[in-house]
Amino acid sequence: MKTVLLLAFGLMAAALAGCFNQRAATSGATPSTIRSIRKVRFEGTAEMPELAAQARSLGDELYPKVVRLLGDDTQARARQIDIVFKRNLTGQFKGALKRSARNMPKFGTFTLPGAAQGTTIYLDVEELKKDPSDLERLLLHEMAHTAQGYRWYRFWRAPYYWREGVADYVAYQLTRTNIAGAGGTSCARCSALWPHYTSGYACAAAFLIFVEGAYDPKIVPKLQRALWSGSYDDALFQAATGKALEELWAEFLRTSAVTSIAAKMNMVYEALGYKGGNPPADVEARFSVYLERQPNGAEISRLLGLSSLSGKPIPDIQTRIALYLYFSEQGDSGGSAAAYLYRLGERGELPGFNKGDHAALIEPLTLADIDAATATDALNRNVRGEKQGDGSIYHYRVTRDRTEAPWHLVKAWRTSAEGQMVEEYTLP
């Protein structure tokens, strides 16, 4: 087989709730004396009275709790907020979304279901239609941003990962419904998508929950106060806990709030010379040398070169590190399911293909697959094949008992482009 595409990711879109250049919050009466939600309105979309009533009820109930959780002191906070439902927040806040996701592996297309600007919270109607149960989590995250109340001249001095981490911390601590984050877990954790506290969101939230429980129950109000005042420094953690930030981080990485792949991504970061989650200038060269020194490193380098994201080369070093670990965690069986089938094709043993065929093998992959790469349960994968000049779709089902075991092809068949069965192959 020639020109084989080993991975074409069918990755879930990650929904990020954001905080964008908030203005100074207004002062006024305490949350207990007035209703928290001033107005609920719809812009560019049909009115949905039930959704508006639900949002108002949740906001009035939960916003005072958000303020108290962050530290209800003398800081000026928004006492009343507006909620606006509209469409395509992702397009409206495209630049800010890119900044918030800059230290996350680019596994897929990020969408923006919510954003906060000043005393206004924007929620994307179309995103909520996909998952109406997400309203409470989104409101909590965005209300946290409103309660943070950063003035514009301090906003840029507050590290984005702590802004988003504190907001997710609030959502995980106060939500009364399950939060089905990346990987389907209801617990804050670091994962393939958020591997480091500088990724923000669930990983930074999980780290703050750890520090709060193990060292300082007031760490989040202290952090929020420093961020709000523009005085944040990493030394805050040393002062609050007696341990430096990186020392706390190393301890946290040994907890169950870090998936196996996330923990190993951090090990690779350390080996490559990352500092505070940031790569060295020559990280690409260092990664190439690192791969050369690993078992099967040359093979994995070749797999990475053949992999793509939606038909395009893998765009960033963090994603390639995650994929390297995904490949290497597959044991001696030869990497991913697509890699196993590729080898069958090279030997002329893949049903439907002959040596020399120009073809692509497409293995849909989700974040959950990457995070579960070391799972001990039986693994089943479905891979699709496409041949140049042939309108048929070739399907392969492979399985194995555990990640260390070799893959086995258990079924192969061909369909038309419309999905109609053409033939099922007899396996050797």
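Residues numbered from 1 in each chain as written. Predicted model: local features only at pLDDT ≥ 70, side-chain atom pairs only at ≥ 80, totals over all residues. Heavy atoms only, no water.

Caption draft 1: Here's a closer look at the overall build of the chain. Counting its secondary structure elements, the chain contains 17 helices and ten strands. Looking at the chain residue by residue over its 428 residues, the buried ones come to 57%. By sequence separation, contacts in the chain at least 24 residues apart represent 70% of the contacts at least 6 residues apart. About 18300 Å² of surface is accessible on the chain, with carbon and sulfur atoms providing 50% of the total. (Helix = DSSP H or I, 4+ residues; strand = E, 2+ residues; numbered from the N terminus. Buried < 20%, exposed > 50% of the residue type's maximum accessible area, 1.4 Å probe, protein only. Contact = heavy atoms within 4.5 Å. Areas by Shrake-Rupley, 256 points an atom, 1.4 Å probe, with all protein chains shown as cover.)

Caption draft 2: Here's a closer look at the sheet that holds strand 8 (residues 393–400). If you walk across this open sheet you meet the five strands as 6-7-8-9-10, and the pairing is antiparallel. Edge strands, defined here as strands with exactly one partner in the open sheet, are strand 6 (359–362) and strand 10 (421–424). Put simply, the sheet's adjacent strands are angled 25° from each other on average, direction ignored. Judged from the three bridges that link them, strand 9 (residues 408–415) and strand 10 form a sheet pairing that is antiparallel. The residue bridging Thr415 from the neighbouring strand is Met421, located in strand 10. (Pairing = 2+ DSSP bridges. Axes fitted to C-alpha atoms, helices over the stretch in contact; angles between N-to-C directions.)

Caption draft 3: Up close: the nonpolar core. Residues Phe85, Trp162, Phe207 and Phe237 are the most contacted members of the largest nonpolar core, which totals 82 residues. Not counting chain neighbours up to four residues away, the residues in contact with Phe237 comprise Trp162, Phe207, Leu208, Ile219, Tyr232, Gly242, Lys243, Leu245 and Leu248. One finds Val268, Tyr290, Leu323 and Phe327 within the second-largest nonpolar core, a separate group that totals 24 residues. (Core = buried A, V, L, I, M, F, W, Y, C linked by side-chain atoms within 4.5 Å.)

Caption draft 4: Highlighting helix 14 (residues 297–306). Within helix 14 the residues assigned to the buried category are Gly297, Ile300, Leu303 and Leu304. Along the axis of helix 14, the buried residues cluster in a sector spanning 120°; they form a single face. Exposed residues lying more than 90 degrees from the buried face of helix 14 are Ala298 and Gly305. On the buried face of helix 14, the contacting elements are helix 13 (283–292), helix 15 (317–328) and helix 16 (337–346). (Arc of directions from axis to C-beta.)

Caption draft 5: Layout of the packing of aromatic side chains. Counting across every chain of the model gives 23 aromatic pairs. A centroid spacing of 6.3 Å and a plane angle of 75° characterise the contact between Phe210 and Tyr215, whose relative ring orientation is edge-to-face. With a centroid separation of 5.9 Å and 90° between ring planes, the pair formed by Tyr290 and Tyr324 is classed as edge-to-face. Separated by 34 residues along the polypeptide, Tyr290 in helix 13 and Tyr324 in helix 15 bring together distant segments of the chain. Per residue, the accessibility class of Tyr290 equals that of Tyr324, and both read buried. The positively charged end of Lys387 is found above the aromatic ring belonging to Phe353, 5.1 Å away from the centroid. Sitting over the face of the ring of Trp413, Lys411 holds its NZ or CZ atom 4.9 Å from the ring centroid. (Phe/Tyr/Trp six-rings, centres within 6.5 Å; stacked < 30°, edge-to-face > 60°. Lys NZ or Arg CZ within 6 Å of the ring centre and 35° of its normal.)

Caption draft 6: Representation of the state of the cysteines within the structure. Scanning the model with the defined rule gives one disulfide in all. Covalently, Cys190 is tied to Cys203 through a disulfide, its sulfur atoms 2.0 Å apart. Every disulfide takes its handedness from the sign of the S-S torsion; for Cys190 and Cys203 that torsion is 85°, giving right-handed. Of this pair, Cys190 sits in the loop between helix 7 (160–174) and helix 8 (201–214) while Cys203 sits in helix 8; the two residues are 13 residues apart in sequence, bridging distant segments of the chain. (Disulfide = S-S within 2.5 Å.)

Caption draft 7: Up close: unusual backbone geometry. In this model, Asn88 sits at a positive phi of 55°, which is unusual for a non-glycine residue. Assignment of secondary structure puts Asn88 in the loop between strand 3 (81–86) and helix 2 (89–92). Phi is positive for Tyr201, close to 50°, though the residue is something other than glycine. Position of Tyr201 among the secondary structure elements: in helix 8.

Caption draft 8: Representation of the confidence of the model for the chain in the model. In this model, the chain carries an average pLDDT of 82, and 80% of its residues clear a pLDDT of 70 or more. For residues 180–185, every residue scores under 50 in pLDDT, and the model assigns this stretch eight contacts once sequence neighbours within four places are set aside. (pLDDT = per-residue confidence, 0-100.)

Caption draft 9: Just the packing of helix 14 against helix 15, in detail. Running from amino to carboxyl end, helix 14 crosses helix 15 at an angle of 125°, the nearest separation of the two axes being 10 Å. Of the possible angle classes, the one that applies to helix 14 and helix 15 is oblique. Taken as a pair, helix 14 and helix 15 cross one another with a handedness that is right-handed. Contacts from Ile300, Leu303 and Leu304 of helix 14 reach helix 15 at Arg320, Leu323, Tyr324, Phe327 and Ser328. Grouping the constituent residues of the contact of helix 14 with helix 15 by class yields six nonpolar, one polar and one charged. (Parallel < 35°, antiparallel > 145°, perpendicular 65-115°, else oblique. Left-handed = near helix turned anticlockwise from the far one by under 90°. Nonpolar A, V, L, I, M, F, W, Y, C, P; charged D, E, K, R; others polar.)

Caption draft 10: Local environment of the pattern of salt bridges. Throughout the structure, instances matching the rule amount to 17 salt bridges. In this structure, Asp216 and Lys222 form a salt bridge, with 2.7 Å as the shortest nitrogen-oxygen distance. You can call Asp216 buried: its relative accessible area is 6%. Across the salt bridge formed by Glu423 and Arg414, the nearest N and O atoms sit 2.9 Å from each other. Using a relative accessible area of 30% as the deciding quantity, one classes Glu423 as partly exposed. (Salt bridge = Lys/Arg side-chain N within 4 Å of Asp/Glu carboxyl O.)

Caption draft 11: Just the pairing of strand 8, in detail. Burial within strand 8 is extensive, with seven of its eight residues counted as buried. For strand 7 (residues 379–387) and strand 8, the ladder comprises eight bridges, and the chain directions are antiparallel. Of the residues in strand 8, the one forming a bridge with Val383 is Tyr396. Pairing geometry for strand 8 and strand 9, over seven bridges, is antiparallel. Each bridged residue has a counterpart across the sheet, and for Thr399 the counterpart in strand 9 is His408.

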